[in-house]
Amino acid sequence: MSAPPYKLASRAFCPHGTVIQLGRVRIGGDEVVLMAGPCSIEGEAMIHQIAAMVAEQGGTVLRGGAFKPRTSPYSFQGLGERGLKYLRDAADEHGLLAVTEVMEIGQLELVAKYADILQIGARNMQNYPLLREAGRADVPVLLKRGLCATIEEFLLAAEYIMAEGNRRVMLCERGIRTFADHSRFTLDIAAIPVLKERTHLPVLVDPSHCMGVRDKVLPMALAAIAAGADGLIVETHPKPEQALSDGPQALLPQQLAQLSERLEQVAVAVGRTFTKSPVEVTSP
Ligand code: PEP
Ligand code: MN
């Protein structure tokens, strides 16, 4: 078999697999990681409430968008820097890390000031100038798979970041466009073992954006862990009917609790771990 066109991202470059350590959180280790939060940060109180829910269920990373890539220009576009501040405070108060999307080069410095992990969204997976700039940042990157990207294109996108010096990249399968119309996108479960074979980078799965409806998120989340994913990034909201974006796919608080419980069982069944019991937060 000929050598793949990606080098730094290839399994051969680091046969034992990369673990990204951020404080007490290890992404790519034996323990599967739960990242959760709203689609968009909508206000201060709501992100604090959700951070408490996430921490209580064993989540270690709080997600939430302040700059949103919306299909319609008339939809809510995010709170910008104000949202980043709320996210940072809520994460700190509950002992969580924060992941949030950066959409353009001009936002990168600002987002990096508040986030522990920079998210590059599916629509920007092939925004090569943005990938290069993220490669110069000293912050780990969560790179989502493009809507129509092959595995090779996905890994070459990661290679753009790594080639600039940033080796802390995690990949996220979030569903691709297919002929199927029974889900919002088609979660490519097959991509998980294939990525695990081809790259040493941690592989996460987003079961929310692919399904589009909350009742279908749990089975896909569990399937992803069973197939070898290193963690999940899911959307949750205490009042999804009032959410300013992606309400229909947001897990209700009790569904997040159920996910956390089942996640522990499935993780153990496949030789991994997940600690549901919340870690004590000691105030500084
Ligand atoms: C998101 O995670 O908020 C998001 C917009 O995801 P994606 O880029 O996968 O559509
Ligand atoms: Mn969303």
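Report on the accompanying structure.

Conventions and cut-offs
Residues numbered from 1 in each chain as written. Chains lettered and ligands numbered in written order. Predicted model: local features only at pLDDT ≥ 70, side-chain atom pairs only at ≥ 80, totals over all residues. Heavy atoms only, no water. Buried < 20%, exposed > 50% of the residue type's maximum accessible area, 1.4 Å probe, protein only. Helix = DSSP H or I, 4+ residues; strand = E, 2+ residues; numbered from the N terminus. Arc of directions from axis to C-beta. Contact = heavy atoms within 4.5 Å. Donors = N, O, S within 2.8 Å, 3.2 Å for Na, K, Ca; no water. Salt bridge = Lys/Arg side-chain N within 4 Å of Asp/Glu carboxyl O. Near = heavy atom within 4 Å. Polar contact = N/O pair within 3.5 Å; in protein donor to acceptor, adjacent residues only side chain to side chain. Areas by Shrake-Rupley, 256 points an atom, 1.4 Å probe, with all protein chains shown as cover. Nonpolar A, V, L, I, M, F, W, Y, C, P; charged D, E, K, R; others polar. Pairing = 2+ DSSP bridges. Phe/Tyr/Trp six-rings, centres within 6.5 Å; stacked < 30°, edge-to-face > 60°. Lys NZ or Arg CZ within 6 Å of the ring centre and 35° of its normal. Axes fitted to C-alpha atoms, helices over the stretch in contact; angles between N-to-C directions. Right-handed = clockwise from strand over helix to strand, strands pointing away.

Side note on helix H8 (residues 217-226)
Among the residues making up H8, those that are buried are Val217, Leu218, Ala221, Leu222, Ala224 and Ile225. With its buried residues spanning 155° around the axis, H8 presents them on a single face. Lining the buried residues of H8 we find helix H6 (191-198), strand S9 (203-205), helix H7 (207-211), strand S10 (231-235) and helix H9 (253-269). Phi turns positive one or two residues past the end of H8, at glycine 228, with a value near 110°.

Considerations on the coordination of the manganese ion (ligand 2)
Protein ligation of the manganese ion (ligand 2) involves Cys39 (SG), His209 (NE2), Glu235 (OE) and Asp246 (OD), the donor distances falling in the range 2.0 to 2.4 Å. Going along the chain, you hit the donors of the manganese ion (ligand 2) in the pattern C-x169-H-x25-E-x10-D. Pair noted here: cysteine 39 is in the loop between strand S3 (33-37) and helix H1 (44-56) and histidine 209 is in helix H7, with a separation of 170 residues, a long-range link.

Some words on the pattern of salt bridges
Tallying each qualifying case throughout the model produces 14 salt bridges. A salt bridge links glutamate 164 to arginine 136, with the nearest nitrogen and oxygen atoms 3.2 Å apart. A residue pair is termed long-range when its members are at least 10 positions apart, and glutamate 164 in the loop between helix H5 (151-163) and strand S8 (169-173) and arginine 136 in the loop between helix H4 (128-135) and strand S7 (141-144) qualify at 28 residues. Notably, a salt bridge pairs lysine 196 with aspartate 230, separated by 2.6 Å at the nearest N-O pair. Remark: aspartate 230 occurs in the loop between H8 and S10 and lysine 196 occurs in helix H6; sequence separation between them is 34 residues. Several salt bridges converge on common partners, so that one network encompasses Arg132, Glu133, Arg136 and Glu164.

Considering the site of ligand 1
Lining the immediate surroundings of ligand 1 are Arg63, Lys68, Pro69, Glu101, Gln119, Gly121, Ala122, Arg123, Lys144, Arg174, His209 and Glu235. The backbone of alanine 122 places a nitrogen or oxygen atom 2.8 Å from an oxygen atom of ligand 1. Burial of ligand 1 by the protein chains amounts to 96% of its free accessible area of 290 Å². Residue classes in the shell around ligand 1 are distributed as 2 nonpolar, 3 polar and 7 charged.

Examining the environment of phenylalanine 67
Looking at the element boundaries, phenylalanine 67 is found in the loop between strand S4 (61-63) and helix H2 (81-93). Overall, phenylalanine 67 belongs to the buried group, its relative accessible area being 16%. Between the C-alpha atom of phenylalanine 67 and that of leucine 252, which follows or precedes it by 185 residues, the distance is 23 Å. Aside from chain neighbours lying at most four places away, what touches phenylalanine 67 is Gln77, Gly80, Glu81, Leu84, Glu101, Met103, Gln107, Leu110 and Val111.

Notes on the pairing of S10
Burial within S10 is extensive, with 5 of its 5 residues counted as buried. Residue alternation in S10 divides its side chains into two sets, Gly231, Ile233 and Glu235 and Leu232 and Val234, and both sets are buried. Relative to S10, S9 is paired through 2 bridges, and the arrangement is parallel. Pairing of valine 205 across the sheet is with leucine 232, part of S10.

Observations concerning unusual backbone geometry
The backbone phi angle of aspartate 246 is positive, close to 50°, even though this residue is not glycine. Positionally, aspartate 246 belongs in the loop between S10 and H9.

Examining the packing of aromatic side chains
Applying the stated criterion across every chain, the model contains 1 aromatic pair. Arginine 174 extends its terminal NZ or CZ atom over the ring of phenylalanine 185, reaching a point 4.3 Å from the ring centre.

Regarding the sheet that holds S3
With respect to topology, 8 strands assemble into a closed barrel ordered S3-S4-S5-S6-S7-S8-S9-S10, the strand pairing being parallel. Averaged over neighbouring strand pairs, the angle between their axes works out to 25° when direction is ignored. Of the pairings in the sheet, the one linking strand S5 (residues 97-101) to strand S6 (residues 117-120) comprises 3 bridges and is parallel in character. Directly across from valine 99, in S6, lies its bridge partner isoleucine 117. Relative to S10, H9 is tilted by about 170°, and along the sheet it contacts S3 and S10.

Considerations on the pairing of S5
Within S5, 5 of the 5 residues are buried, which leaves the element mostly enclosed by the surrounding structure. Side chains Leu97, Val99 and Glu101 of S5 all project onto a buried face; the interleaved residues Ala98 and Thr100 project onto the opposite face, where all are buried too. Two elements, S4 and S5, share 3 bridges in a ladder whose sense is parallel. Directly across from arginine 63, in S5, lies its bridge partner valine 99. For the crossover that starts at S4, traverses H2 and ends in the parallel S5, the hand is right-handed. Handedness of the crossover joining S5 and S6 through helix H3 (residues 108-114) is recorded here as right-handed.

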